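If you want the building blocks of each chain, they are given just below.
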2 protein chains.
Amino acid sequence: MLPEFFEPVPADKAYRLFNLGATPLVSASFEGVDGVMPATWVCPLDLVPFKTTAVIARDHFTRPLMEKSGRFALSLPTASIVEETLRLGFVSKNDDPLKLEHSGAEFFRVDGFDVPLVKGCACWAIFDIIPEAHNQQTYDLFIGTCVGAWADPRVFSNGHWNLEGTPKALRPLHYVAGGHFYATGDPVVVPGYDGE
Amino acid sequence: MLPEFFEPVPADKAYRLFNLGATPLVSASFEGVDGVMPATWVCPLDLVPFKTTAVIARDHFTRPLMEKSGRFALSLPTASIVEETLRLGFVSKNDDPLKLEHSGAEFFRVDGFDVPLVKGCACWAIFDIIPEAHNQQTYDLFIGTCVGAWADPRVFSNGHWNLEGTPKALRPLHYVAGGHFYATGDPVVVPGYDGE
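Q: With reference to specific residues and values, describe the overall build of chain A.
A: Within chain A, the secondary structure is distributed over five helices and 14 strands. Here the C-alpha atoms of chain A give a radius of gyration of 16 Å, agreeing with the 16 Å that 2.2 N^0.38 yields for 196 residues. Across its three principal axes, chain A shows a C-alpha extent of roughly 50 × 35 × 35 Å. The buried share of chain A, reckoned over its 196 residues, is 59%. Here the contacts in chain A between residues at least 6 apart in sequence split such that 66% fall between residues at least 24 apart. For chain A, the exposed area adds up to about 7800 Å²; of that, 53% sits on carbon and sulfur atoms.

In structure tokens form, the structure reads like this:
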């Protein structure tokens with residue numbers, strides 16, 4: 001079942017979901033096997049169509065699922081699921097085949113896309129991988145083209161983040177290291193600059 | 001002259017400066033000509049040696065300086081210089097040859113590295129470009145290896161960000177679009193996880 005707060009994001013605004021530089025959960029699925037893990041090194045690459053890069057090392061359970069299915073998803077966890085996010089990162093499904101169940105996170109799918117998304121996130125996007133063997137082999141670097149994006153309208157609507165006064169629980173997370181996150185903070189407004 | 005708050009960051013901790021996903025200023029210099037511009041799409045690529053990606057479109061003044069010198073720097077502006085940061089982004093030096101002077105930003109250099117860094121930033125790092133013609137031509141994507149990193153010890157010391165209770169003016173910025181930034185917020189602490 002879809003989350004209660006879940007609305008499509010126009011293709012030309014999807015990059016804004018990830019411009020914040022918050023830490024996503026990366027997920028993929030192949031032949032009925034799902035993988036979900038946090039990955040800090042994810043970054044927009046192009047505006048329209050929106051493309052992203054994602055650095056996924058070869059020892060992760062999720063990586064071959066990405067390579068075999070040619071697809072991955074990003075879900076941007078909020079502070080409300082920071083513990084679930086850490087649990088999805090500190091254990092590999094290579095070591096705990098029930099990692100997803102043990103994480104406490106809840107998953108859902110969107111019609112037409114066979115890849116798990118994560119509840120309690122601020123936004124979601126699904127990408128088709130552009131095969132780039134050199135980047136994948138040399139740098140663990142994947143490039144994907146966005147084929148669908150959605151957001152929680154309480155924090156992102158009409159193409160804009162709206163985090164002013166938002167409770168901490170609904171804010172995205174920025175991972176540093178050693179289990180430490182920062183929440184996205186408050187707007188920094190420059191008088192005279194009010195771009196659309 | 002170096003900034004008052006400016007200390008070296010160990011090579012194996014430099015990635016943490018950029019894990020936050022904050023928006024850097026990218027700078028480069030060639031034959032006495034300097035370029036400085038904000039670039040949101042910058043992301044760590046490897047831990048040790050620390051590598052980064054940076055997406056720099058071909059119409060930017062700074063790009064040929066990067067290509068010809070083989071080097072670029074990242075400075076992570078704080079809210080204290082958000083106006084200077086916007087001015088460095090909303091005008092190209094192609095259109096205003098005195099863009100850097102008009103921005104109000106102040107610049108400095110570190111001995112041994114001929115590339116401008118920006119005062120009022122939380123941290124700084126200098127990268128040598130790994131030539132990757134396909135990525136540069138197809139995706140405007142550059143890859144660099146870190147050859148030096150420094151931070152303001154009021155916000156990053158002993159390998160850790162320390163933004164708890166930090167005044168907004170000293171916090172890094174996360175650019176979304178249309179002149180809108182968010183500051184890095186407060187820590188999100190998970191009881192029981194206190195990794196080093």
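More follows now that the structure is in view.
Q: Tell me what's going on with the packing of aromatic side chains, and back it up with residues and numbers.
A: Overall, the coordinates contain 24 aromatic pairs over all chains when judged by the stated rule. Relative to A:F127, the ring of A:F50 lies with its centre 5.6 Å away and its plane at 65°, an arrangement referred to as edge-to-face. Residue A:F50 is found in the loop between β4 (42-46) and β5 (51-55), and its partner A:F127 is found in strand β9 (residues 121-130); the two are separated by 77 residues along the sequence. No difference in accessibility class separates A:F50 from A:F127, as the two residues are buried. Aromatic pair B:F6 and B:F108: ring centres 5.4 Å apart, planes at 90°, arrangement edge-to-face. One end of the pair, B:F6, is in the segment before β1 (7-8); the other, B:F108, is in strand β7 (residues 107-110), and 102 residues separate them in sequence. Across the pair, B:F108 and B:F6 agree in class, each one buried.

Q: Tell me about the pattern of salt bridges, residues and numbers included.
A: The tally for this structure, following the rule as stated, stands at 22 salt bridges over all chains. One salt bridge connects A:D12 with A:K13, and the closest N-O pair in it is separated by 3.4 Å. Residue class for A:D12 comes out partly exposed when judged on its relative accessible area of 39%. A salt bridge links B:D140 to B:R58; the nearest nitrogen and oxygen atoms lie 2.7 Å apart. Placement of the pair is B:D140 in the loop between α5 (133-139) and β10 (141-151) and B:R58 in the loop between β5 (51-55) and α2 (62-69), with a sequence separation of 82 residues. Residue class for B:D140 comes out buried when judged on its relative accessible area of 17%.

Q: Describe in detail the relation of the copies chain B and chain A, supporting the description with residues and values.
A: Each copy superposes on the other: chain B lies on chain A with an RMSD of 0.0 Å after a rotation of 180° and an axial shift of 0.0 Å. Here the two chains are linked by the operation of a two-fold rotation axis. The share of interface residues of chain B whose copies in chain A are also at the interface is 100%, consistent with both copies meeting through the same surface.

Q: Help me get a handle on the environment of B:E164, residues and values and all.
A: Counting through the fold element by element, B:E164 comes out in the loop between β12 (160-161) and β13 (173-177). On a C-alpha basis, the gap between B:E164 and B:P187 in space is 6.5 Å, while along the polypeptide they are 23 residues apart.

Q: Give a description of the sheet that holds β13(B) that names residues and reports values.
A: Paired through backbone hydrogen bonds, the strands of a sheet run either parallel or antiparallel to each other. One open sheet accounts for four strands, arranged β13(A)-β14(A)-β14(B)-β13(B); its pairing is antiparallel. Whereas interior strands pair on both sides, the edge strands pair on one side only; in this sheet they are β13 (173-177) of chain A together with β13 of chain B. Adjacent strand axes in the sheet meet at a mean angle of 40°, parallel and antiparallel pairs treated alike. Direction of pairing for strand β14 (residues 180-188) of chain A relative to strand β14 (residues 180-188) of chain B: antiparallel, over a ladder of five bridges. Bridging from a neighbouring strand, A:P187 pairs with B:Y182 of β14(B).

Q: Before we move on, can you summarise the interface of chain B and chain A with the specific residues and values?
A: At the interface, 51 residues of chain B touch 51 residues of chain A. Contact between chain B and chain A buries roughly 4500 Å² in total, counting both sides, with carbon and sulfur atoms accounting for 64%. Where chain B meets chain A, there are zero salt bridges. Those elements that place two or more of their residues in the side of chain B that touches chain A are α1 (15-19), β4 (42-46), α3 (82-90), α5, β10, β13 and β14 of chain B. If you tally residues by element for the side of chain B that touches chain A, the top one is β14(B), at nine residues. Its residues placed into classes, the side of chain B that touches chain A shows 30 nonpolar, 12 polar and nine charged.

Q: Requested: an account of the state of the cysteines, with residues and values cited.
A: Residue and element names in this part refer to chain B. Counted according to the given criterion, the structure contains zero disulfides over all chains. Left unpaired, C121 is separated from the closest cysteine sulfur, that of C123, by 7.8 Å. The class of C121 is buried, set by a relative accessible area of 4%. The thiol of C146 is unpaired, and the distance to the nearest cysteine sulfur, on C123, comes to 10 Å. Exposure remark for C146: the relative accessible area of 16% places this residue in the buried category.

Q: I'd like a description of the nonpolar core, backed by residues and values.
A: Counting residues in each nonpolar core, the largest one holds 88 residues, and the members touching the most others are A:L17, A:V26, A:W161, B:L17, B:V26 and B:W161. If near-sequence neighbours (up to four positions away) are discounted, A:V26 is found in contact with A:G35, A:V36, A:M37, A:A39, A:V42, A:I56, A:T62, A:M66, A:F72, A:A73 and A:L74.

Cut-off values and rules
- Residues numbered from 1 in each chain as written.
- Chains lettered and ligands numbered in written order.
- Predicted model: local features only at pLDDT ≥ 70, side-chain atom pairs only at ≥ 80, totals over all residues.
- Heavy atoms only, no water.
- Helix = DSSP H or I, 4+ residues; strand = E, 2+ residues; numbered from the N terminus.
- Rg over C-alpha atoms; globule rule 2.2 N^0.38 Å.
- Buried < 20%, exposed > 50% of the residue type's maximum accessible area, 1.4 Å probe, protein only.
- Contact = heavy atoms within 4.5 Å.
- Areas by Shrake-Rupley, 256 points an atom, 1.4 Å probe, with all protein chains shown as cover.
- Phe/Tyr/Trp six-rings, centres within 6.5 Å; stacked < 30°, edge-to-face > 60°.
- Salt bridge = Lys/Arg side-chain N within 4 Å of Asp/Glu carboxyl O.
- Least-squares fit on C-alpha atoms with pLDDT ≥ 70 in both.
- Pairing = 2+ DSSP bridges.
- Axes fitted to C-alpha atoms, helices over the stretch in contact; angles between N-to-C directions.
- Buried area = accessible area lost by both parts, 1.4 Å probe.
- Nonpolar A, V, L, I, M, F, W, Y, C, P; charged D, E, K, R; others polar.
- Disulfide = S-S within 2.5 Å.
- Core = buried A, V, L, I, M, F, W, Y, C linked by side-chain atoms within 4.5 Å.

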